[in-house]
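Secondary and tertiary structure notes
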Amino acid sequence: MASKQQLSAIKGSKVLMVGAGGIGCELLKTLALSGFPDIHIIDMDTIEVSNLNRQFLFRQSHVGQSKAKVARDAVLKFRPDISITSYHANVKDHEFNVDFFKQFNVVLNGLDNLDARRHVNRLCLAACVPLVESGTTGFLGQVTVHVKGRTECYECQPKPAPKTYPVCTITSTPSKFVHCVVWAKDLLFAKLFGDKNQENDLNVHSKDGSSSSKHAEDVFERQEEENIEQYGKRIYDHVFGYNIELALSNEETWRNRNKPRPIYVKDVFSSELASQNGNLDKSSNGDTPSLSAMASLGLKNPQDLWSLKENSKVFLEALKLFFSKREKEIGNLSFDKDDQLAVEFVTAAANIRASSFGIPLHSLFEAKGIAGNIVHAVATTNAVIAGLIVIEAIKVLQHDIKNYRMTYCLEHPSRKMLLMPVEPFEPNKSCYVCSETPLDLEINTHCSKLRDVVDKIVKAKLGMNLPMIMHGPALLYEVGDDLGEAEVANYAANLEKVLSELPAPVMGGTILTVEDLQQELKCSINIKHREEFDEEKEPDGMVLSGWTQPRAAEKNGKTAVDSEVSTSSASEAVPLETEDDDDLQIIPTITGKKRKLSDISNETKNKRKAEELDSKNDVVMLDDENSDMSKKKRQQ
């Protein structure tokens, strides 16, 4: 039961929830039952079938509707006396600015991506509103408290870059199944069914392409006289046969590697005609979501391991279904883990490629998890984390700083505990977000364009949405609805200029000021000219630094863990990222010196130290190769 003081703090509060997914549903329910009288929810997502196993406020009839609105309506049925305001919108929309955030006593995050988390963190800092972060993955989870000037902000710990793979590994020398999945999803699927104008590293030329301009056209273009079966077999032979033969022609590549084997339709099916695969009439009833190559071929269990022949049949059948039953979507499709036919195609293509390179095959269930970055969620963990969020929110409302805790939910007990509370850290003085520390950017100022800086650094790495870039008094770039046509044209022209040729030339030693007025964030970037970059290790052709990580943890220091942990000790963790709903993107370990709140009493410190001395466990984080399979393009 809550005390009178806690109930008093709750009754006078106004809270903002960002995210109404797995954690959000549990959190809204817990807030309502705890007596919070005024709750606002922002979520841009709609309900999908895959949400229903853990997002208990939603039902089958709600599929396609706004998560925020349905969650609100569901909770008001059993707590009609409270106020819940829902927004079916993106938290990055202009209406959710600093002034909007200032009206709340605390913000509670249940978000599903790094970009939105950073945005909310910055708005909370600008509005001086405490933020409670959270996330789960399977049986693991964490809750962290961020209060401006008192604890570290969400971005005080650098977030490791998502797992990426060199283009040459994906296209030429795969050694793991994940490489095959990336190839099937980001290259082959995109080439066949996505935007035809988008850059793609697949070889598109046929055997005759090099000798005759007549045959130099894109081999993926379907010819007028071809039927779907002929086209499918030609694509199969090209990507799994001819392209492998082409790769084998470079003997140097395979000197210390196992050579792949080309696979052609005739080799897989022998005398059996591939065109006899499946039955389109049997599989199609005009309902697009029900289309399934597995259903056509009588394959029922997604956890079965298909043979090469079965994978080949699924590949050809899925391609046939796309071009015969979903032809209007061709050219606009992107991979979606909830699209059954897309998952079947990618699984089959990845397995055929894996077979060619001697890599073990995987079931559709396993391939879907890799392709969709899925770490399967556990509803119980979401409920535990939601309860911990509310506990910390009540402490924030009472200004009970001494008792703030970052709490980690472990899969295996540590000192007979599944919940591990640790004291928050002080702000990182090297954090460019809350401490305004200058950053360094190594870049070739004679080759790189302003667009490269905007896209790869300002937006991708610094997470700014509406950036303004200045060199002294000169404004080099700005975005906004209030700009005139001449200004828009001028800034667009600047984007295409090399840094050293801008109206105010950017050279080594230049200091750029970058500001996002929406986030009320400003930082300085020191430019350092550098001639050359390693294409594999530095594919962006530039390196951002100056964001100093904390030093290694002191011996017998307090333990902080990420949500991806085993029961071992004192490596400091960074706040978790969720990739899909509340599913964690698993990231490499970052070690560091832990920073204590300055006003925690000596008695509390001594007590915590004594507790830590009893434990020999180390906390580590796991590095999952499946965390992000987006490929990086080399600098041309």
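Below you will find a few notes about this structure. For clarity, every value in this text was computed on a predicted model and none was experimentally measured.

Here the focus is helix H13 (residues 340-356). Under the 1.5 Å per step criterion, the end-to-end length of H13 is 25 Å for 17 residues, consistent within 8% with the ideal 24 Å. In terms of residue burial, H13 counts as a mostly covered element, since 16 of its 17 residues are buried. At the N-terminal end of H13, a side-chain oxygen is found 3.2 Å from the backbone nitrogen of Leu341, two or three residues along, and the residue is Asp339. Note on H13: the residue one or two positions beyond its end, Gly358, has a positive phi of about 70°.

Before going further, it helps to examine the pairing of strand E2 (residues 38-42). With four of five residues buried, E2 lies mostly within the body of the structure. In the sheet, strand E1 (residues 15-18) pairs with E2 via four bridges, with the strands oriented parallel. Its bridge partner being in E2, Leu16 is matched across the sheet by His40. This β-α-β element, E1 to helix H2 (residues 22-33) to E2, shows right-handed connectivity. Examined bridge by bridge, E2 and strand E3 (residues 83-87) share five bridges and lie parallel to one another. Opposite Ile39, over in E3, you have Ile84 as the bridge partner.

On to the pattern of salt bridges. If you walk through the whole model with that rule in mind, you get 22 salt bridges. With a shortest N-O distance of 3.2 Å, Glu442 and Arg530 are connected by a salt bridge. Taken together, the residues Glu442 in strand E9 (residues 439-443) and Arg530 in the loop between strand E13 (521-529) and strand E14 (542-545) connect sequence positions 88 residues apart. The exposure class assigned to Glu442 is partly exposed, which follows from its relative accessible area of 25%. Since its relative accessible area comes to 24%, Arg530 is described here as partly exposed. Three or more residues joined by partner-sharing salt bridges are found here, namely Glu229, Glu317 and Lys320.

Considering the arrangement of structural elements, one finds Lys185 in helix H7 (residues 177-193). Apart from the residues lying within four places of it in its own chain, the contact partners of Lys185 are Ala190, Phe335, Val346 and Ala371.

With respect to the element layout, Asp81 can be found in the loop between helix H3 (67-76) and E3. Asp81 sits 46 residues away from Gly35 along the chain, and the two C-alpha atoms are 9.7 Å apart.

This part is about the sheet that holds strand E6 (residues 140-146). Reading across from one edge, E3-E2-E1-E4-E5-E6-E7-E8 is the order of the eight strands in this open sheet, with mixed pairing throughout. Whereas interior strands pair on both sides, the edge strands pair on one side only; in this sheet they are E3 and strand E8 (417-422). Strand-to-strand twist in this sheet, taken as the mean axis angle between neighbours without regard to direction, amounts to 20°. Pairing of strand E5 (residues 131-137) with E6, which is carried by seven bridges, proceeds in the antiparallel orientation. If you follow Val132 over to E6, its bridge partner there is Val145. Contacts between H2 and the sheet are confined to E1, E2, E3, strand E4 (106-109) and E5, with E1 contributing the most and set at about 160° to the helix. Strands E1, E4 and E5 of the sheet are contacted by helix H5 (residues 114-127), whose axis makes an angle of about 165° with E5.

Our next topic: the sheet that holds strand E12 (residues 511-516). Overall, mixed pairing links the six strands, which are arranged E11-E10-E12-E13-E9-E14 in an open sheet. On the outer flanks of this sheet lie strand E11 (474-478) and E14, each paired with one strand and no other. Strand-to-strand twist across the sheet, computed as the mean angle between neighbouring axes with direction ignored, equals 25°. The pairing of strand E10 (residues 467-471) with E12 spans five bridges and is classified as antiparallel. Bridge pairing in E12 links His471 to Leu512.

With that settled, the discussion passes to the packing of aromatic side chains. For the structure shown, the criterion picks out 19 aromatic pairs. Here Trp254 and Phe357 contribute two aromatic rings whose centre-to-centre distance is 6.3 Å and whose plane-to-plane angle is 45°, an arrangement assigned as tilted. Taken together, the residues Trp254 in the loop between helix H8 (228-248) and helix H9 (265-269) and Phe357 in the loop between H13 and helix H14 (364-371) connect sequence positions 103 residues apart. For the pair Trp254 and Phe357, one class covers both residues: buried. We note Lys14 situated over the ring of Phe104; from NZ or CZ to the ring centre the distance is 5.6 Å. The lysine or arginine in question, Arg353, covers the ring of Trp183, its NZ or CZ lying 4.5 Å from the ring centre.

Parameters and conventions
- Counting restarts for each chain, with residues numbered from 1 along the sequence as it is written.
- In keeping with the model being predicted, local features are shown solely for residues with a pLDDT of at least 70 and side-chain atom pairs are shown and tallied solely at 80 or more, while totals for entire chains, interfaces and linings include all residues.
- Processing note: side-chain calculations cover all non-hydrogen atoms of the structure and skip hydrogens and water entirely.
- Secondary structure elements are taken from DSSP: a helix is a run of H or I of four residues or more, a strand is a run of E of two residues or more, and numbering for both begins at the N terminus.
- Given the number of residues in a helix, its expected span is that number minus one, multiplied by 1.5 Å.
- Throughout this description, buried means an accessible area under 20% of the type-specific maximum (1.4 Å probe, protein chains only), exposed means over 50%, and partly exposed covers the range between.
- Polar contact is defined as a pair of N or O atoms within 3.5 Å, subject to the rule that within protein one atom must be able to donate a hydrogen and the other to accept it, and that residues adjacent in sequence are counted only when both atoms are side-chain atoms.
- Should DSSP find at least two bridges between two strands, the strands are regarded as paired.
- Orienting the strands away from the viewer, one traces the path from the first strand over the helix to the second; a clockwise path indicates a right-handed crossover.
- The salt bridge definition used is simple: a Lys or Arg side-chain nitrogen within 4 Å of an Asp or Glu carboxyl oxygen.
- The contact definition used throughout considers only heavy atoms, calling two residues in contact when any of these lie within 4.5 Å.
- Lines fitted to C-alpha atoms define the axes here, with helix axes fitted over just the stretch in contact, and angles between the N-to-C directions of these axes take values from 0 to 180 degrees.
- Note on aromatic pairs: the rings of Phe, Tyr and Trp (six-membered ring only in Trp) are paired at centre separations within 6.5 Å, and the planes decide the class, stacked below 30 degrees, edge-to-face beyond 60, tilted for the rest.
- Here, a charge over a ring is recorded when the distance from Lys NZ or Arg CZ to the ring centre is within 6 Å and its angle to the ring normal is within 35 degrees.

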